[in-house]
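Remarks on the overall topology
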Amino acid sequence: MPRYVAFLRAINIGGRRASSQQLAECLDDRGFANVVNFRASGNLIFDAERSSAVGLKRRVDQALTEGLRFEVRSFVRTAAQVRAIASFEPFPPKILAKSQGKLQVALLAKPPPKPTRDQILALATAADPLAISGSELYWLPSGPTMQTDLDLRLLDKLAGDNTRRTKNMISEIAAKFLDG
């Protein structure tokens, strides 16, 4: 069975609490195999029968929503996609070295169309560069994410439904759970 990662949006914030065990049990109870939760921020690694991306996401969302009794939105990626995100270098090393922020990856529901992509990239500044590759938006904040001058509300509006992780976290998931 192929390996997947479901990155969950808004788990364990704003009163929406679920333990690692609860999250894993929701998928275990629905026929997913070898379910592991990585950290409390909602990163589920699992095996599942091959399915369309939309069908698999729907099954994951439904299993979690029914099991937790609140709406859950996931962003499902194959093991190969997660490894590609982990290895992708959106910015030159010189820019990375100058930043005091942590490289962020917004996992999008789908790749943005070119006009939207252009609008998103137009929000970038020298201090807060942006890059898009497929269904991922990369952002290198100049410092803490909440202290940016980047218009995050507009960025989220343009990007649509998404969830964000540090690139380091995605790299850890790839290294620990998704061997080639």
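Just above sits the structure.
The structure displayed is predicted, hence computed values, not measured ones.

Here's the deal with the overall build of the chain
A tally of regular secondary structure across the chain gives seven helices and eight strands. Computed over the C-alpha atoms, the radius of gyration of the chain is 16 Å, within 12% of the 16 Å expected from 2.2 N^0.38 for a compact globule of 180 residues. Projected onto the principal axes, the alpha-carbon positions of the chain cover approximately 45 × 35 × 30 Å. Counting every position in the chain, which comprises 180 residues, the buried fraction comes to 47%. In the chain, the proportion of contacts linking residues at least 24 apart, taken out of those at least 6 apart, comes to 70%. On the chain, roughly 9,600 Å² of surface is accessible, and the fraction owed to carbon and sulfur atoms is 51%. When the 26 basic and 18 acidic side-chain charges of the chain are each reduced to a single mean position, those positions are 3 Å apart.

A word on the pairing of strand β2 (residues 33-37)
Inspection of the sheet shows β2 paired to strand β3 (residues 43-47) by three bridges, in the antiparallel sense. From the neighbouring strand, asparagine 37 faces β3, where its bridge partner is leucine 44. Remark: five residues form the turn of the hairpin made by β2 and β3, two consecutive strands paired antiparallel; arginine 39 in that turn has positive phi of roughly 65 degrees.

So, the packing of helix α1 (residues 20-28) against helix α2 (residues 53-68)
Taken N-terminus to C-terminus, the directions of α1 and α2 make an angle of 125 degrees; their axes are 9 Å apart at the nearest point. Taken together, the axes of α1 and α2 are oblique relative to one another. Here α1 and α2 pass one another in a crossing that is right-handed. Taken together, the residues of α2 that come into contact with α1 (itself represented by Gln22, Leu23, Cys26 and Leu27) are Val60, Ala63, Leu64, Gly67 and Leu68. A per-class count over the contact of α1 with α2 returns seven nonpolar, two polar and no charged.

Observations regarding the packing of helix α3 (residues 79-87) against helix α7 (residues 167-177)
Where α3 meets α7, the axes come as close as 8 Å, and the angle between the chain directions of the two elements is 135 degrees. The orientation of α3 with respect to α7, classified from their angle, is oblique. Between α3 and α7 the crossing geometry is left-handed. Residues Val82, Arg83, Ile85, Ala86 and Ser87 of α3 lie in contact with α7, whose contacting residues are Lys167, Ile170, Ser171, Ile173 and Ala174.

Cut-offs used in this document
- Residues numbered from 1 in each chain as written.
- Predicted model: local features only at pLDDT ≥ 70, side-chain atom pairs only at ≥ 80, totals over all residues.
- Heavy atoms only, no water.
- Helix = DSSP H or I, 4+ residues; strand = E, 2+ residues; numbered from the N terminus.
- Rg over C-alpha atoms; globule rule 2.2 N^0.38 Å.
- Buried < 20%, exposed > 50% of the residue type's maximum accessible area, 1.4 Å probe, protein only.
- Contact = heavy atoms within 4.5 Å.
- Areas by Shrake-Rupley, 256 points an atom, 1.4 Å probe, with all protein chains shown as cover.
- Lys, Arg positive; Asp, Glu negative; His and termini not counted.
- Charge placed at Lys NZ, Arg CZ, Asp CG, Glu CD.
- Pairing = 2+ DSSP bridges.
- Axes fitted to C-alpha atoms, helices over the stretch in contact; angles between N-to-C directions.
- Parallel < 35°, antiparallel > 145°, perpendicular 65-115°, else oblique.
- Left-handed = near helix turned anticlockwise from the far one by under 90°.
- Nonpolar A, V, L, I, M, F, W, Y, C, P; charged D, E, K, R; others polar.

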